[in-house]
Amino acid sequence: MNDKFVINIIHRPEMVPEYAEKVTGQGKTEDIGRKSLLTESLDIFKFQQETAHRNGLKTTIQMTYASLFNDEAIEIAKHDHDSYGDEISLSLLGLPCNEFRDKYKTKDFCIWMFRLDDKKSIVDDVFGKFHDAFGFYPESTGSYYMDADLINYIKEKYPSVKCAIATCWEEGPKAYHTCNNSWYTFMDGGPWNPWIPSRQNTHAPAANAEEDSGIVAIPHLSRDLLACYDGNGSNFGTHPQNVLRGMIYDTKTWEYPYLYNLVDQYRHLAKYNSGYAYNMMFVGPGWLNKMGRWEAPYELLKKSYEDGMAYYASLKQQGELVDMTMSEFADYYRSRKTYTEPECALWKDILYGSDKQLFWYSDPFMRACVNMDQGGAIVDLRPYVAKLYRPVGIGTGNPTDASYPFLIQEKYRAGYFTHYAGEGTIRSCKVCFKGEEVDMCLERTHASFSLDGCTRVLTLDPVVVEFAELSVTIQTVMRFAEGTSRIQTERHILSISNPECEVEINEYMVGCYGTTEYAENMEGITLSCGDRTISYEYLCREECVNGATEAKCTIPQIGTAVSLETDTEDAVAYIREGYAFSPMFTLGITGNVKEGEVFTTWLKLEKAD
Amino acid sequence: MRDLDIDMFYDKSREEYYCIRCQFTGSEEDVLRKNEEIREKYRRMRDRITDFD
């Protein structure tokens, strides 16, 4: 199959763009029906459309509820569909208008956080109004987040829908912090590139036809997979004004090569995905406010949008890019990807000047992040295999948190280095010799990617572990066998300075569960190895079994069991319970190895009742 | 410098900008200089990168 870099350019005529009401109405009582506001909103949409078309690019027009009351917005959509092949789609963003507030008696505009009955009512309202305006139902829709109940309802009632913007990548607590703790919606833990959501949980891809929600989902933003994860999340995506928000431009020249570098790194992901690569640009009109924004004047906002479109156009002219509408993309995606085929990204730092690499892996059973600056440690792990049913919104007991829970998250739950007690969440390995211990988290390295049949292979460059009397050269190879819900880790002992010596390999995982920085209740969790069991009571207990080949933790709160396994017969398996000041669990497998040998373990994830 | 959307207000009586969330006060020059300091962490901000391996 030929390499293909596909882009979706999406615009929405949002009649009350975020922040714009505050600016156009500064000093006046709030009035979202103010004519100047509506006029400016439509002008921004027209500018975006004209810029794309001038560059020979087609768009997906996501009509908003508010725009469906505006004859001019409807006429523009029809015209541009006929003239340029733009898709007329429907967003569940852009609800705010007098008509919505009069009907639903609320200023809330985030459909994903409404009560389910209200979500359905709003959907029927919006889809009905769309049908009235255009005479058909849309083939694509979207919102900042759409939980499984919402997607399932839309698909059942409006089967024409085959594509949706369904979540935003890594928009959890870090985004909350960025917005001065005022962004009350959380959605960490999802895929960064398109996927087919399961009927059970939007973040978790479908493993087969039975789980298939019926739509192809795309993310709200194509984000920098390193800068967004390590940083505050909001400034690093193929969204020109987000790049300006992050101040990633030269103030004298108004240049921003980082924007193009980001597009190009997304193109590069074809190398890890059998020739397929994807990118999207979805800029809401609030980012092109004619009065400017606090971080950039309008002239710069406008220029950056024009430059972004021009770059896509140049790639298209070179035959390096195909622009599709969302519904076209859904058909293409289903023709290209199978259910269990993972999405992979070996991502490098393109902003901070480091040599750091992260490897992201996502399939129907897990999402994992491997950090080469920490010797190949797994620093983020989400057990999609549990297909956790986790509705979001008023009345669910979970009004704002749409994140998929983690087992490991090194930013929120400490990671390798902790100041005070115990260890934070991480999956790594310690190498031990005569009482000395070196954690591979301290062995920076790099990785290369390859495909071995249906197994994705991450081969790390060898590292030299130094002890007082010995040095050991170790190469780590990680294998992700498609459809197995397992990560195989091999430590190849390439050489030991004294070949008569052996070293101990201690493969371990420190984990917990949660979606935020704050500890969840660990009671109810069970640890086991061999014939030993610990029911979690924060009592700092430990069990160790010679000859056991598995250490396991069952977490009923998130319907997940995680285990470390080995095929080494004389290994030792151990389990550790944490305590209140270090509320994690630890699983471990240890064994001795000599030069030329390989120590192999598997991290396995299972659904558990 | 906190890595978040920075809200700066201007106090006309004192002719200075100030942050409502921390202790910063300063002139427009000071603010623009701080913005440049934030950019220092973006060491490859001006580079056009073509190698992603």
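Details of the overall build of chain B
When helices and strands are counted, chain B shows 1 helix and 3 strands. Shown N-terminal to C-terminal, the secondary structure of chain B runs as helices and strands in the order β-β-β-α. Taking all 53 residues of chain B together, the buried fraction comes to 4%.

A closer look at the interface of chain A and chain B
Taken together, the contact between chain A and chain B spans 21 residues of the former and 17 residues of the latter. Only helix H7 (173-178) and helix H10 (257-268) of chain A provide two or more residues apiece to the side of chain A that touches chain B. Broken down by element, the side of chain A that touches chain B gets its largest block of residues, 7 residues, from H10(A). Residues of the side of chain A that touches chain B, tallied by class, amount to 9 nonpolar, 9 polar and 3 charged.

Notes on the sheet that holds strand E5 (residues 163-167) of chain A
Across a sheet, paired strands are connected by hydrogen bonds in the backbone, their directions being either parallel or antiparallel. Residue and element names in this part refer to chain A. Strand order in the open sheet formed by 3 strands is E4-E5-E6, with parallel pairing between adjacent strands. Where the open sheet ends on each side, the last strands, each with one partner, are strand E4 (140-142) and strand E6 (216-219). The average angle at which neighbouring strand axes cross in this sheet is 30°, direction not considered. One ladder, built from 4 bridges, connects E5 with E6; its direction is parallel. Paired with Ile 165 across the two strands is Ile 218, which belongs to E6.

Regarding helix H5 (residues 116-134) of chain A
All names here are of chain A. With 19 residues, H5 should reach 27 Å at 1.5 Å per residue; the first-to-last C-alpha distance of 27 Å fits that figure. Restricting attention to buried positions, one finds in H5 the residues Lys 119, Val 123, Val 126, Phe 127, Phe 130 and Ala 133. Projected down its long axis, H5 shows its buried positions confined to an angular sector of 120°, all on one face. In H5, the exposed positions angled more than 90 degrees off the buried face are occupied by Asp 117, Gly 128 and Asp 132. Contact partners of the buried residues in H5: strand E2 (60-63), helix H3 (71-84), strand E3 (87-90) and helix H6 (148-157). Where H5 ends, the next residue or the one after it, Gly 135, has phi of about 85°, a positive value.

Topic: the domain arrangement of chain A
Size of an interface: often given as the accessible area lost when the parts come together. Residue and element names in this part refer to chain A. Segmenting chain A into domains produces domain 1 (4-348) and domain 2 (365-607). Put simply, the middle of domain 1 and the middle of domain 2, counted by C-alpha atoms, are 36 Å apart. In this complex, domain 1 contributes 31 residues to the contact, which on the side of domain 2 involves 29 residues. Looking at the side of domain 1 that touches domain 2, the elements with two or more residues in it are H5 and strand E9 (343-348). In the side of domain 1 that touches domain 2, the residues fall into 16 nonpolar, 9 polar and 6 charged.

A few points about H6(A)
Residue and element names in this part refer to chain A. Considered for burial, the residues of H6 that qualify are Ala 148, Leu 150, Ile 151 and Ile 154. Here the buried residues of H6 occupy an arc of 165° about the axis, which is enough to place them on one side. Each element contacted by the buried residues of H6 is listed here: H5, E4 and E5.

Let's talk about the pairing of strand E27 (residues 572-579) of chain A
Residue and element names in this part refer to chain A. For E27, a buried count of 7 out of 8 residues is recorded, marking the element as mostly surrounded by other parts of the structure. When strand E24 (residues 542-546) meets E27, the two strands line up antiparallel, connected through 5 bridges. In the sheet register, Glu 543 faces E27, and the bridge partner there is Ile 575. When E27 meets strand E28 (residues 582-594), the two strands line up antiparallel, connected through 7 bridges. Its bridge partner lying in E28, Tyr 574 is registered against Gly 588. Counting the residues between successive antiparallel strands, the hairpin from E27 to E28 contains 2 residues.

Cut-offs applied
Residues numbered from 1 in each chain as written. Chains lettered and ligands numbered in written order. Predicted model: local features only at pLDDT ≥ 70, side-chain atom pairs only at ≥ 80, totals over all residues. Helix = DSSP H or I, 4+ residues; strand = E, 2+ residues; numbered from the N terminus. Buried ≥ 20, exposed ≤ 12 C-beta atoms within 10 Å, placed from the backbone. Contact = placed C-beta atoms within 7 Å. Nonpolar A, V, L, I, M, F, W, Y, C, P; charged D, E, K, R; others polar. Pairing = 2+ DSSP bridges. Axes fitted to C-alpha atoms, helices over the stretch in contact; angles between N-to-C directions. Expected span 1.5 Å × (residues − 1). Arc of directions from axis to C-beta. Domains from an automatic or database assignment.

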